[in-house]
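# Inside the fold
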Amino acid sequence: MIALSIFNRVVMAAVTLFGVALIVFVLLRVVPGDPIAMMISPGASAADIAALRAHYGLDASLPVQFGLWLKAMLGGDFGTSISLKRSVLDLLGERLPATLELAVAALVLAVASGVTIAVVGTLMRRGPLEPVVDALNGVFLAVPDFVWALALVLMLGVFYPLFPLSGRIDPTTDMPFATSFYLIESLARLRFAVFSDVVAHMAMPVLALGLPLAAIIARVLKAALSEAMMQDYILLARLKGMSELRLVVQEALRNAIGPTIALTGVQFTFLIGGTVIVERIFSYPGIGNMAIDAVINRDLPLIQGLVLVFGVLFILVNLLVDLLVAAFNPRLRHG
């Protein structure tokens with residue numbers, strides 16, 4: 001049964017990616033604008049334009065173009081960026097680790113903050129401070145990530161300049177990186193000064209992405225904890241003399257975490273999509289920032305590669321969430 005379930009998920013993932021690739025391919029060909037026209041000089045001849053169009057495979061019919069691109073992609077060739085004149089796969093390999101580190105750091109911040117707020121709010125239930133906690137959480141929930149980004153630029157980058165405003169690392173850093181995972185590599189090589197610099201550059205983007213997600217997690221988990229605290233097994237544990245903190249953390253949290261994990265996984269996919277605007281605001285060199293440049297330049301091969309990467313990330317996150325939910329829910333795990 002497990003092998004069959006895995007096989008079905010793999011098939012569905014392949015079908016989903018094919019559908020995403022087809023839709024994006026068609027949409028990019030029917031929208032107005034010619035990417036070749038943005039590359040040629042004003043004095044280029046018709047022969048030069050035709051040669052350039054043939055070089056990028058844009059002179060064939062749409063079905064032929066799609067078939068050639070799909071065949072090349074399955075062979076590991078995502079094409080060449082029209083605007084950057086480099087392999088799309090190389091560009092994705094350079095920029096994807098930056099976005100992954102940013103998104104995972106924001107997720108860790110959001111989970112830690114959201115769980116803490118939910119536990120504190122549950123301990124304060126029916127008390128005078130509970131409305132204050134709920135109101136503050138509502139404010140954080142109402143403000144989107146790009147507004148947080150702009151506010152953080154003003155507060156922590158201009159008025160009180162605690163963190164760098166842009167980039168991923170100080171340009172004067174003399175550490176040669178073997179990978180594009182700067183945060184992990186600098187820590188693994190015990191280069192703590194470089195690690196601190198990378199963290200400082202990530203601080204504001206991580207806060208902008210993590211605060212709204214933390215508010216969502218806090219609200220959902222607090223509601224689940226409040227419901228769990230009214231169950232009979234909590235009453236029995238309270239009669240045995242267990243403290244309120246242990247009741248919430250040790251008993252209620254274990255049973256309330258399942259729905260929160262599912263919601264967090266869904267919201268994490270939105271968080272990855274939110275990196276597009278946040279990376280642009282902070283000039284952070286990830287795939288989100290590169291996606292905006294690709295759209296502006298109408299770089300078809302790069303846009304297609306980026307969309308497929310986002311699609312793969314979404315599918316992997318959803319699969320991981322399903323596994324985690326099953327791990328925390330015995331009925332699903334044994335079903």
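What this report covers is the structure whose coordinates are included nearby.

Calculation notes
- Residues numbered from 1 in each chain as written.
- Predicted model: local features only at pLDDT ≥ 70, side-chain atom pairs only at ≥ 80, totals over all residues.
- Heavy atoms only, no water.
- Phe/Tyr/Trp six-rings, centres within 6.5 Å; stacked < 30°, edge-to-face > 60°.
- Buried < 20%, exposed > 50% of the residue type's maximum accessible area, 1.4 Å probe, protein only.
- Helix = DSSP H or I, 4+ residues; strand = E, 2+ residues; numbered from the N terminus.
- Axes fitted to C-alpha atoms, helices over the stretch in contact; angles between N-to-C directions.
- Left-handed = near helix turned anticlockwise from the far one by under 90°.
- Contact = heavy atoms within 4.5 Å.
- Nonpolar A, V, L, I, M, F, W, Y, C, P; charged D, E, K, R; others polar.
- Salt bridge = Lys/Arg side-chain N within 4 Å of Asp/Glu carboxyl O.
- Expected span 1.5 Å × (residues − 1).
- Bend = angle between axes of the 7 residues up to and from the residue.
- Parallel < 35°, antiparallel > 145°, perpendicular 65-115°, else oblique.

Looking now at the packing of aromatic side chains. What the rule picks out here adds up to seven aromatic pairs. Arranged with centres 4.1 Å apart and planes meeting at 20 degrees, the rings of F177 and Y182 form a pair that is stacked. Given a relative accessible area of 22%, F177 falls into the partly exposed group. Accessibility expressed as a relative area gives 21% for Y182, which makes it partly exposed. Between F310 and F314, the aromatic rings sit 6.4 Å apart at their centres with planes inclined by 40 degrees, giving tilted as the arrangement. Taken together, the positions of F310 and F314, both in helix 12 (residues 300-328) and four residues apart, correspond to about one turn of that helix. Of the residues examined, F314 reaches a relative accessible area of 29% and is grouped as partly exposed.

Attention shifts here to the packing of helix 4 (residues 88-123) against helix 10 (residues 244-281). Two elements in contact, helix 4 and helix 10, have axes separated by 8 Å at closest approach and are oriented at 145 degrees. By crossing handedness, the relation of helix 4 to helix 10 is classed as right-handed. When helix 4 is examined against helix 10, the residues T99, L102, A103, V104, A106, L107, V111, V119, T122 and L123 are found in contact with a partner set consisting of E244, L245, V248, V249, T264, F268, L271, I272, T275 and E279. When the residues that make up the contact of helix 4 with helix 10 are grouped by side-chain class, the tally is 14 nonpolar, four polar and two charged.

So, about the pattern of salt bridges. Following the criterion strictly, the structure yields eight salt bridges and no others. The closest approach of N and O atoms between E94 and R86, which form a salt bridge, is 2.5 Å. Look at E94 and you get partly exposed, because its relative accessible area is 36%. Since its relative accessible area comes to 34%, R86 is described here as partly exposed. Across the salt bridge formed by D134 and K222, the nearest N and O atoms sit 3.7 Å from each other. Taken together, the positions of D134 in helix 5 (residues 130-142) and K222 in helix 8 (residues 192-228) put the pair 88 residues apart, joining distant regions of the chain. Overall, the relative accessible area of 33% leaves D134 in the partly exposed class. Look at K222 and you get buried, because its relative accessible area is 12%. Via salt bridges that share partners, E130, D134 and K222 belong to a single interconnected network.

Turning our attention to helix 8. Residues that lie three or four places apart on an α-helix share one face, since the helix turns once every 3.6 residues. Taking 1.5 Å per residue as the helical rise, helix 8 with its 37 residues ought to reach 54 Å, whereas the 43 Å between its terminal C-alpha atoms falls clearly short. The largest bend along helix 8 measures about 40 degrees and falls at A203, with the proline P205 one to four residues further on.

Moving on: unusual backbone geometry. The backbone of L190 sits at a positive phi, close to 60 degrees, despite the residue not being glycine. Along the chain, the position of L190 falls in the loop between helix 7 (182-188) and helix 8. Positive phi, close to 50 degrees, is recorded for R298, a residue that is not glycine. Tracing the chain through its elements places R298 in the loop between helix 11 (287-296) and helix 12. For R298, a relative accessible area of 10% corresponds to the buried category.

Okay, the environment of M229 next. One can find M229 in the loop between helix 8 and helix 9 (232-239). Here the alpha-carbon distance between M229 and E244, two residues 15 residues apart in the chain, equals 9.8 Å. Beyond its immediate chain neighbours, meaning those up to four positions away, M229 contacts T122, R125, I234, R238, E244, L247, V248 and A252.

It is at 8 Å that the axes of helix 4 and helix 11 come closest, and there the two elements cross at 130 degrees. It follows that helix 4 is oblique to helix 11 by the angle criterion. Here L91, L92, R95, L96 and T99 of helix 4 come into contact with helix 11, specifically with I287, G288 and M290. Classifying every residue of the contact of helix 4 with helix 11 gives five nonpolar, two polar and one charged.

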